[in-house]
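Observations on the three-dimensional arrangement
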Amino acid sequence: MDRQISEFRLHGRGGQGIVIAASVFAEAVFRDGHYARAFSLFGAERRGAPVTAFIRAGTERLMPRSRIYNPDCVVVFDATISGSTLYAGLKDDGLLLLNAGPGWPETVPQELFENQSYRIYQVDAREIAWKHKLAIGSFPMVNTVMLGAMARVSGLVSIDTLLKSIKQRVSASIDANVKATIDGYENVEEVSGFVTGTI
Amino acid sequence: MAFQMISGSQAAATAVQRVGVDLVAAYPITPQTAIVEALADFSAKGELGGEFVSVESEYAALACCNGAAATGARVFTATASHGLAYMHEMIHWCSGARFPIVMVNVNRTIGAPWCLDPDQGDSLSQRDTGWLQLYCANAQEVFDMVIQAFIIAEELLLPCMVVFDGFYISHTYEAVDVADADQVRKLVGPPAFAPQVIPGQPGNLHGLSTGETHLKLVKDRHQTMLRLPVLFNKINKAFAKQFGRSYNILETQIPSGAKRAIVAAGATAETVRWALPVLADTGLIQLRVFRPFPAAEIRQVIEENELTELLVVDRNCSVGMGGIFAQELRSALYELPKPPQVRSLILAGGVDLTEQMLVDLLQTTGNEENFALRWGDEF
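Residues numbered from 1 in each chain as written. Chains lettered and ligands numbered in written order. Predicted model: local features only at pLDDT ≥ 70, side-chain atom pairs only at ≥ 80, totals over all residues. Heavy atoms only, no water.

Some details on the pairing of strand β6 (residues 119–123) of chain A
Residues and elements named next belong to chain A. Threshold: For every residue, the accessible area (1.4 Å probe, protein chains only) is compared with the maximum for its type, and the residue is labelled buried under 20%, exposed over 50%, or partly exposed between those bounds. Each helix is a run of H or I in the DSSP string that is no shorter than four residues. Each strand is a run of E no shorter than two, and both are numbered from the N terminus. Only strands joined by at least two bridges in the DSSP assignment are considered to pair.
Buried residues dominate β6, accounting for four of its five residues. Where strand β5 (residues 95–99) and β6 come together, five bridges link them in parallel fashion. Bridged to Leu-97 within β6 is Tyr-121. Across two bridges, the pairing between β6 and strand β9 (residues 189–190) is antiparallel.

Here is the structure:
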């Protein structure tokens, strides 16, 4: 484990809470006995605009303080964000976690699935967020669902630790967020192609 | 004392709360906003201890701090980029007036065009204002340097700026060992500098002086600031006793036999430190203090290690001359009989420094045309 670092890159839209999600995940990693950092890139952020956040997790407190160009894991909070930059630099044995499900437009490049070395996971976080009434107006708040899924696919933090971190940071709808996190953890599954029609 | 996962901004605000101040006057600006928010939060919960003054501009923020410091109050402000530039006249004034104000500046590029990335040109363009400047490489250093800045400023009666990179530090959540207020206050103590204004006793403050008088005052400020190295070591002995960690004016990590070193201040120093094991025969000199410039300390490191090459990471550029840290270093090295070669990597605009850039750069040999000056977009 010497000098080993796991690097995550999160893509979403302003208002989805990806910056908070990154910091909650890092906090949970730290609770579980490793070092972690979470940071984000800012421009003229506003609701709906693409946002990028990063997480580093490792065994040492010292870490590089640069952006992440070759992540071990890319997490896409909204698969309708188009552009191959979302998946750029993903390591050959990398993980890709997508929020997508029935009724979503097909925007994920098919070649991602043709690269046999990627492991691709999908969870319909939007649907789960609706189920637990986690939304601001018509805008589903998917971040806790995605956190549950991230814990499951990365294996970096236990669901119990993650829930502790979420309870500490989330001030509203705590019960709904806890249930949404557990649903995200339980419903994420590996896929061999982008599933939009039926899942 | 306990580790908390907090951002660099929260570390700065929490350190101010732990020290205990009489007044905070600040105006929000990206990427410093979270510091003002956190201090306003402490104030709303009744945990700040002092007054939180919302002001209409950065100029007003520092003017308000000046007024309060004149009465012997301990004050704090924070800004970034255009906000710091807007303060410029007041920045000169408070060092001339010997107000021991502590200010955090979160590095951000100054426009045009608008840019949020962490160019150091904002704080470095205040080089000649008579403030001490401390640069931090992570959120722990931010917490610790803000605490130490109050001790330094009040001991020397000079204002002190604590500087760190926007986003790479201000918006990065990481583990910080956050000391309790009683431990911090045991070290810092209450403000004990003499007030220049005493309510009920009318007087004239900072009236018209002659050039000759001014010269004496500037000379005194200069000689006083040069006391920092001795004071810094003394503070850090006490700091180590209280908190189990301490700092040096220069943080050096030079493998035995290495004849070259990378010089960096701020967040990039940590990327360099991380990269050292893959950079053959290369060391790190982290500049913690920019004013006073640690010229003697740098010369000593170079002579002791017989360094022949320095690569300076400058997240800034003085247009028409080059990297500012490189310039200052060249000036400090002039007195050496065999000064090392100084190369400069310019990351103006606050562009990212990666391990790969350092690897590529160090492969460049001295014969190449652009050996001495490289730009961040060449990689």
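Things to note about the interface of chain A and chain B
This is how the line gets drawn: Whether two residues are in contact is decided by their heavy atoms: any pair within 4.5 Å suffices. A side-chain nitrogen of Lys or Arg and a carboxyl oxygen of Asp or Glu constitute a salt bridge if their distance falls within 4 Å. In protein, a polar contact requires one atom able to donate a hydrogen and another able to accept it; more generally it is a pair of N or O atoms within 3.5 Å, and residues adjacent in sequence count only if both atoms are side-chain atoms. The classification used treats Ala, Val, Leu, Ile, Met, Phe, Trp, Tyr, Cys and Pro as nonpolar, Asp, Glu, Lys and Arg as charged, and all other residues, Gly among them, as polar.
Taken together, the contact between chain A and chain B spans 23 residues of the former and 27 residues of the latter. Our enumeration of links across chain A and chain B arrives at five salt bridges. Among the ionic pairs, Arg-65 of chain A bridges to Glu-174 of chain B, the shortest N-O distance being 2.9 Å. On inspection of chain A and its partner chain B, the count reaches twelve residue pairs in polar contact (both at pLDDT 80 or more). Within the residue set of the side of chain A that touches chain B, elements represented by two or more residues are α1 (18–31) and β2 (35–41) of chain A. No other element matches β2 of chain A, which puts six residues into the side of chain A that touches chain B. Tallied by class, the residues present in the side of chain A that touches chain B amount to twelve nonpolar, four polar and seven charged.

Examining helix α7 (residues 139–156) of chain B
All names here are of chain B. Formally: Multiplying one less than the number of residues by 1.5 Å gives the expected span of a helix.
Relative to the 26 Å expected for 18 residues at 1.5 Å per residue, α7 spans 25 Å between its end C-alpha atoms, a close match to the ideal helical length. Extensive coverage of α7 is indicated by the burial of 17 of its 18 residues. Taking the backbone nitrogen of Gln-140 as reference, a side-chain oxygen 3.1 Å away marks Asn-138 as the first, capping residue of α7. Where α7 ends, the next residue or the one after it, Leu-157, has phi of about 55 degrees, a positive value.

Observations concerning the pattern of salt bridges
Applying the stated criterion across every chain yields a total of 25 salt bridges over all chains. For Asp-117 of chain B, the salt bridge is made with Arg-67 of chain A, and the minimal N-O distance between the two is 3.7 Å. Of this pair, Asp-117 of chain B sits in the loop between β5 (102–107) and α6 (121–124) while Arg-67 of chain A is found in the loop between β3 (50–58) and β4 (73–76), placing the two residues in two different chains. Salt bridges linked by common partners bring Arg-37 and Arg-65 of chain A together with Glu-174 and Glu-270 of chain B together as one network.

Thoughts on the sheet that holds strand β13 (residues 309–314) of chain B
Residues and elements named next belong to chain B. Note the threshold: Between N-to-C directions, angles span 0 to 180 degrees; the directions come from axes that are lines fitted to C-alpha atoms, helices contributing only their stretch in contact.
Spatially, β9-β11-β10-β13-β14-β15 is the arrangement adopted by the six strands of the open sheet, whose pairing is mixed. Of all the strands in the sheet, the pair left with one neighbour each is β9 (250–253) and β15 (373–375). In this sheet, neighbouring strand axes are inclined to one another by 20 degrees on average, regardless of whether the strands run parallel or antiparallel. Sheet topology note: the β13/strand β14 (residues 341–346) ladder contains six bridges and is parallel. Across the sheet, the residue bridging to Val-312 is Ser-344, located in β14. Docked against the sheet, helix α12 (residues 295–305) engages β9, β11 (282–287) and β13, running at close to 15 degrees with respect to β9.

Some thoughts on the sheet that holds strand β2 (residues 23–26) of chain B
Residue and element names in this part refer to chain B. The seven strands lie next to each other as β3-β2-β4-β5-β7-β6-β12, forming an open sheet whose pairing is mixed. In the strand order of this sheet, the two ends are held by β3 (51–54) and β12 (289–291), each with one partner. Adjacent strand axes in the sheet meet at a mean angle of 20 degrees when their direction is disregarded. Bridging between strand β6 (residues 132–135) and β12 involves two bridges; their strand directions are antiparallel. Within β12, the residue paired with Gln-133 across the bridge is Arg-291.

Looking at the packing of aromatic side chains
Which entries qualify depends on this criterion: A pair of Phe, Tyr and Trp rings is counted when the ring centres sit within 6.5 Å of each other, with Trp represented by its six-membered ring. The angle between the planes then sorts it: under 30 degrees is stacked, over 60 is edge-to-face, the rest tilted. Think of it as a cone above the ring: NZ of Lys or CZ of Arg counts as a charge over the ring if it is within 6 Å of the ring centre and within 35 degrees of the ring normal.
Using the criterion set out here, one finds twelve aromatic pairs over all chains in the structure. Geometrically, the ring pair formed by Phe-76 of chain B and Phe-150 of chain B is tilted, given 6.4 Å between the ring centres and 40 degrees between the ring planes. Pair noted here: Phe-76 of chain B is in strand β4 (residues 75–79) and Phe-150 of chain B is in helix α7, with a separation of 74 residues, a long-range link. A relative accessible area of 0% means that Phe-76 of chain B is categorised as buried. Measuring from centroid to centroid gives 5.9 Å for Tyr-135 of chain B and Phe-325 of chain B, while their planes differ by 85 degrees, and the two rings are edge-to-face. Of this pair, Tyr-135 of chain B sits in strand β6 while Phe-325 of chain B sits in helix α13 (residues 324–333), placing them 190 residues apart in sequence. Phe-325 of chain B sits in the buried class, given a relative accessible area of 1%. Linked through ring pairs, Tyr-135, Phe-290, Phe-293 and Phe-325 of chain B together constitute an aromatic cluster. The ring of Tyr-185 of chain A has Arg-152 of chain A sitting right over it, with the charged end atom 5.3 Å from the ring centre.

Quick notes on the pairing of β5 of chain A
Residues and elements named next belong to chain A. The element β5 is extensively covered by neighbouring structure, given that five of its five residues are classed as buried. With four bridges connecting them, β4 and β5 associate as parallel partners. If you follow Val-75 over to β5, its bridge partner there is Leu-97.

Quick notes on the nonpolar core
What counts is decided by this rule: Note on terminology: a nonpolar core comprises buried Ala, Val, Leu, Ile, Met, Phe, Trp, Tyr and Cys residues joined through side-chain atoms within 4.5 Å. Per the annotation, domain bounds derive from an automatic or database assignment of domains.
If you look at the biggest cluster of nonpolar residues, it comprises 111 residues, and the most contacted ones within it are Ile-35, Phe-76 and Val-104 of chain B. In terms of residue count, the dominant contributor to this core is α7 of chain B (twelve residues). For this core, the two domains that each supply at least three residues are domain 1 (2–242) and domain 2 (250–378) of chain B. With residues near it in sequence (within four places) discarded, Phe-76 of chain B still touches Val-16, Val-21, Leu-23, Val-24, Ala-25, Ile-35, Leu-39, Cys-65, Val-102, Met-103, Val-104 and Phe-150 of chain B. Core analysis: the second largest hydrophobic core is formed by 50 residues, Ile-18, Ala-21, Leu-163 and Ala-180 of chain A among them.

Details of the packing of helix α1 (residues 8–19) of chain B against helix α8 (residues 181–188) of chain B
All names here are of chain B. Where we set the bar: These descriptions rest on fixed angle ranges, namely under 35 degrees for roughly parallel, over 145 for roughly antiparallel, 65 to 115 for roughly perpendicular, and the rest for oblique. Two helices that cross are described as forming a left-handed crossing if the nearer one is turned anticlockwise from the farther one by less than a right angle, and a right-handed crossing if clockwise.
At a minimum axis separation of 8 Å, α1 and α8 run at an interaxial angle of 70 degrees. As the angle between them shows, α1 and α8 are arranged roughly perpendicular. Crossing of α1 against α8: the hand is right-handed. In this structure, α1 uses Gln-17, Arg-18 and Val-19 to contact α8, whose residues at the interface are Ala-181, Val-184, Arg-185 and Val-188. Partitioned by chemical class, the residues of the contact of α1 with α8 number four nonpolar, one polar and two charged.

Structural notes on the environment of Arg-260 of chain B
Residue and element names in this part refer to chain B. When you line up the elements, Arg-260 lands in strand β10 (residues 260–264). The sequence separation of Arg-260 and Thr-14 amounts to 246 residues, and the corresponding C-alpha distance is 38 Å. Discounting residues that sit within four places of it in the chain, Arg-260 has contacts with Ala-280, Asp-281, Thr-282, Gly-283, Leu-307, Glu-309 and Leu-362. Within polar-contact distance, the side chain of Arg-260 engages the backbone oxygen of Leu-362 at 3.4 Å.

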